[in-house]
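Below are the chains, spelled out letter by letter.
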Amino acid sequence: RGLVVGSCRLVDAFDARTRGSIERGLPITVRYTVDLWRDRRNWMDKQVDSRVRSYRVRYHPGERTYSVDEADRPDRRLTFPTLAEALDEVSTRVLPIHPRWELSEAHRYFVTMEAAIQPLTWNEFQDLDGWLSGRIRGDNPSDVEGEDDPGISRAFFEFLVDLSGFGDTYYR
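Residues numbered from 1 in each chain as written. Predicted model: local features only at pLDDT ≥ 70, side-chain atom pairs only at ≥ 80, totals over all residues. Heavy atoms only, no water.

Moving on: the pattern of salt bridges. Pairing is possible between side chains that carry opposite charge, provided their charged atoms lie close to one another. One pass over the full model with this rule turns up 8 salt bridges. Note that Asp-39 and Arg-108 form a salt bridge whose closest N and O atoms lie 3.8 Å from each other. Of this pair, Asp-39 sits in strand E2 (residues 28–39) while Arg-108 sits in strand E7 (residues 108–118), placing them 69 residues apart in sequence. On the basis of relative accessibility, which here comes to 28%, the residue Asp-39 falls in the partly exposed class. Between Glu-70 and Arg-76 there is a salt bridge, and its shortest N-O distance comes to 3.1 Å. Residue classification places Arg-76 among the partly exposed residues on the basis of a relative accessible area of 29%. (Salt bridge = Lys/Arg side-chain N within 4 Å of Asp/Glu carboxyl O. Helix = DSSP H or I, 4+ residues; strand = E, 2+ residues; numbered from the N terminus. Buried < 20%, exposed > 50% of the residue type's maximum accessible area, 1.4 Å probe, protein only.)

All chains considered together, the criterion is met by 3 aromatic pairs. Taken together, a centroid distance of 6.4 Å and an interplanar angle of 10 degrees make the contact between Trp-37 and Phe-110 stacked. In this pair, Trp-37 is assigned in strand E2 and Phe-110 in strand E7, connecting sequence segments 73 residues apart. In this structure Phe-110 comes out as partly exposed when scored by relative accessible area, which is 31%. When the ring of Tyr-59 is compared with that of Tyr-66, the centres are 4.7 Å apart and the planes differ by 40 degrees; the resulting orientation is tilted. On the accessibility criterion, Tyr-66 (9% relative accessible area) is buried. (Phe/Tyr/Trp six-rings, centres within 6.5 Å; stacked < 30°, edge-to-face > 60°.)

Once that is clear, we can look at the environment of Val-34. By secondary structure assignment, the location of Val-34 is in strand E2. Judged by its relative accessible area of 1%, Val-34 falls in the buried class. Ignoring any residue separated from it by four or fewer positions in sequence, one finds Val-34 in contact with Asp-49, Ser-50, Arg-51, Leu-95, Ile-97, Val-111, Thr-112 and Met-113. (Contact = heavy atoms within 4.5 Å.)

At a minimum axis distance of 11 Å, the contact between helix H1 (residues 16–23) and helix H2 (residues 83–91) shows a crossing angle of 115 degrees. What the angle tells us is that H1 and H2 run roughly perpendicular. Crossing geometry of H1 relative to H2 is assigned as right-handed. Across the interface between the two elements, Arg-19, Ile-22 and Glu-23 of H1 pack against Leu-83, Ala-84 and Leu-87 of H2. (Axes fitted to C-alpha atoms, helices over the stretch in contact; angles between N-to-C directions. Parallel < 35°, antiparallel > 145°, perpendicular 65-115°, else oblique. Left-handed = near helix turned anticlockwise from the far one by under 90°.)

Glancing now at empty space enclosed by the protein. In this structure the tally under the stated criterion is 1 cavity of 30 Å³ or more. In terms of lining residues, the largest cavity is bounded by Tyr-55, Val-68, Asp-69, Glu-70, Arg-76, Leu-78, Glu-89 and Arg-93. Residue assignment for the lining of the largest cavity shows that the elements contributing at least two residues are strand E4 (65–70) and strand E5 (73–80). For the lining of the largest cavity, the class distribution of residues is 3 nonpolar, no polar and 5 charged. (1 Å grid on protein atoms, 1.4 Å probe; cavity = no way out; pocket = protein on both sides within 12 Å on 5 of 7 lines; lining within 4 Å. Points joined across faces, edges and corners; volume = space filled by probe spheres on them. Nonpolar A, V, L, I, M, F, W, Y, C, P; charged D, E, K, R; others polar.)

Mapped onto the elements, Arg-64 comes out in the loop between strand E3 (46–60) and E4. Not counting residues up to four positions away in its chain, the partners in contact with Arg-64 are Tyr-59 and Pro-81.

Taken in spatial order, the 6 strands make up an open sheet running E5-E4-E3-E2-E7-E8, and their pairing is antiparallel. Single-partner strands in this sheet number two, and they are E5 and strand E8 (169–171). The mean inter-strand angle of the sheet, taken between neighbouring strand axes irrespective of direction, is 20 degrees. In this structure, E3 lies alongside E4, joined through 6 bridges in antiparallel fashion. Within the sheet, the bridge partner assigned to His-60 lies in E4 and is Thr-65. (Pairing = 2+ DSSP bridges.)

See the structure below:
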């Protein structure tokens, strides 16, 4: 289709602890970041484009199925009978990066890809913290009362997550 794409396959990225967490009901997010760079010999390389795609893997105990949801397309949910099938689905990605016709033949380009496995994201923590403290009212998580109480800082949250062993895992 005239697009530069990045292809990625995560091999053995989900350890036994991560798999066990998903099976016990803790959802994870797999976030792919793909960057297109223009190679410049005598200067720093120039970033031409960057794309991020996030996928949510979770277990549904009532249905005894696993699902993979794409963050920016909530209407698209794929369900699987086993965790292995769900993780295989999210492990192989071909992601569009940039239109080919916008690149010059006179330059060299390269692609970098990063996959982050996130057991708990900052936004999820804020929603959980608001719900536990009684600041969230109604069905909409954005209905937060008491905005003057900022709660825990993001830096402290990241420190606690890393300390607990639930920190993000990165693959490049």
